[in-house]
Every structure is written in structure tokens, then in C-alpha cells.
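Here is how the chains run, residue by residue.
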Amino acid sequence: ISPPPKAVIPFAENLLSATITATVQLNSPIINGGSLNITTSGGTISISPGSSGVSCTYGGHLSYFGVGVCWVQGPGGYSAVSPNGLVVNTSAATASIGATGMTATGGGNTIYAQTTGLMISNGTFASALSATGFSMSGLPSSSPGAGTKKFWYDPADGNRVKFAP
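What counts, and at which threshold
Residues numbered from 1 in each chain as written. Predicted model: local features only at pLDDT ≥ 70, side-chain atom pairs only at ≥ 80, totals over all residues. Heavy atoms only, no water. Pairing = 2+ DSSP bridges. Helix = DSSP H or I, 4+ residues; strand = E, 2+ residues; numbered from the N terminus. pLDDT = per-residue confidence, 0-100. Phe/Tyr/Trp six-rings, centres within 6.5 Å; stacked < 30°, edge-to-face > 60°.

## A word on the pairing of strand 8 (residues 93-98)
Moving residue by residue along a regular strand, the side chains alternate between the two faces of the sheet. For strand 7 (residues 85-90) and strand 8, the ladder comprises five bridges, and the chain directions are antiparallel. Within strand 8, the residue paired with Leu86 across the bridge is Ile97. From the end of strand 7 to the start of strand 8, which pair antiparallel, there are two residues. Relative to strand 9 (residues 101-106), strand 8 is paired through five bridges, and the arrangement is antiparallel. Note on strand 9: the bridge partner recorded for Ser96 is Thr103.

So this is what it looks like as C-alpha cells:
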């Protein structure tokens, strides 16, 4: 970096404050240890050597771009993208998508969708659907009554699954 040009008008007194506007150009910078940090009134950008990546903070949010991952975090959760998939996490729920399927959880419920089938669970009961069948746990053994629109199994009829319309 070259020294700034000398002032055209000489100062008669000590300079107590000033605003300097400058353009800085970095041609092929090499970061040896440490990092390059650029801080503004809104946030900070940090560039670290090697595989550490680039991070940016602004208004309570953090963005990170590194080898094989992009991460964005804020007060309510985070999102991350990598070659393995996508994850979105909030205080209420989490969803992830990968090469073989998807998972979503929230409010005590979980949904798994994979190439082999679909499963839904609330921690007590579960339903599964695949190309070869359907299963459901926690079915009542007596009719829940007309108008409930629920499945049940009938032990008196060979444990057949029935639907109460």
C-alpha cells in the first residue's frame, strides 16, 4: 500500500478530526496466519486462510461460506447447504433433505420420506407406506364411532382393519 498523497493545502493547526475517503485495491492478496476483516457500521466480513472460508455478520445474522458448506444463522435458527443435502432448523421445527430422502420434525411429529417409502410418527403412533405395503400402529380395537373418520381393527372379525366414516 502506498502512502497517501500530501495535502495540497497545509494545515495551520493540529488536525483533530477528518473524514478520509479511499479506494483500496488488493491484487492477489495472500493471507498468512490470521484473517482479513472488513468492519462497517452494519457488520463484519472475515476472510480466513485455507479452508476456513468467508464469514459475514450483520444484524444478528451470520453467513458462512467454506469448503463444501454454506451456512446462514439468525435469531430463529439456521440453514445449511452442503454436497450431502440441505438442513433448515428453527425453534419450532427441523427439515432435512439428502440424497436418499427427507425428514421433517416439529411439534412432536416426524415425517420420513425416503426412496423406499414414507413414515409418519407422533412418538406414540406410526404409519408407514411403501411399494409393498401399508402399516399403522396404535389402532383402537373398537370402533371410534360414526363421523370420526378413523381407522380401527376388529378382533371379532379376524383383526381386519376398518374405517369409521
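## Section: the confidence of the model for the protein chain
One rule of thumb: low pLDDT means the predicted coordinates there are not for detailed reading. Of the residues in the protein chain, 85% have a pLDDT of 70 or more, and the chain-wide mean is 83. Across the protein chain, the element-wise mean pLDDT spans from 80 in strand 1 (residues 36-39) up to 93 in strand 8.

## A few points about the packing of aromatic side chains
The full count for this structure, using the stated rule, is two aromatic pairs. Judged by centre distance (4.6 Å) and plane angle (5°), the ring pair of Trp71 and Tyr78 falls under stacked.

## Focus: the pairing of strand 12 (residues 126-130)
Direction of pairing for strand 11 (residues 117-121) relative to strand 12: antiparallel, over a ladder of five bridges. Along strand 12, the bridge assignment pairs Gly117 with Ser130. Remark: four residues form the turn of the hairpin made by strand 11 and strand 12, two consecutive strands paired antiparallel; Gly123 in that turn has positive phi of roughly 95°. Sheet topology places strand 12 next to strand 13 (residues 133-136); four bridges connect them, and they run antiparallel. In the strand pairing of strand 13, Leu129 is matched with Phe134. In sequence, strand 12 turns back onto strand 13 through a hairpin of two residues.

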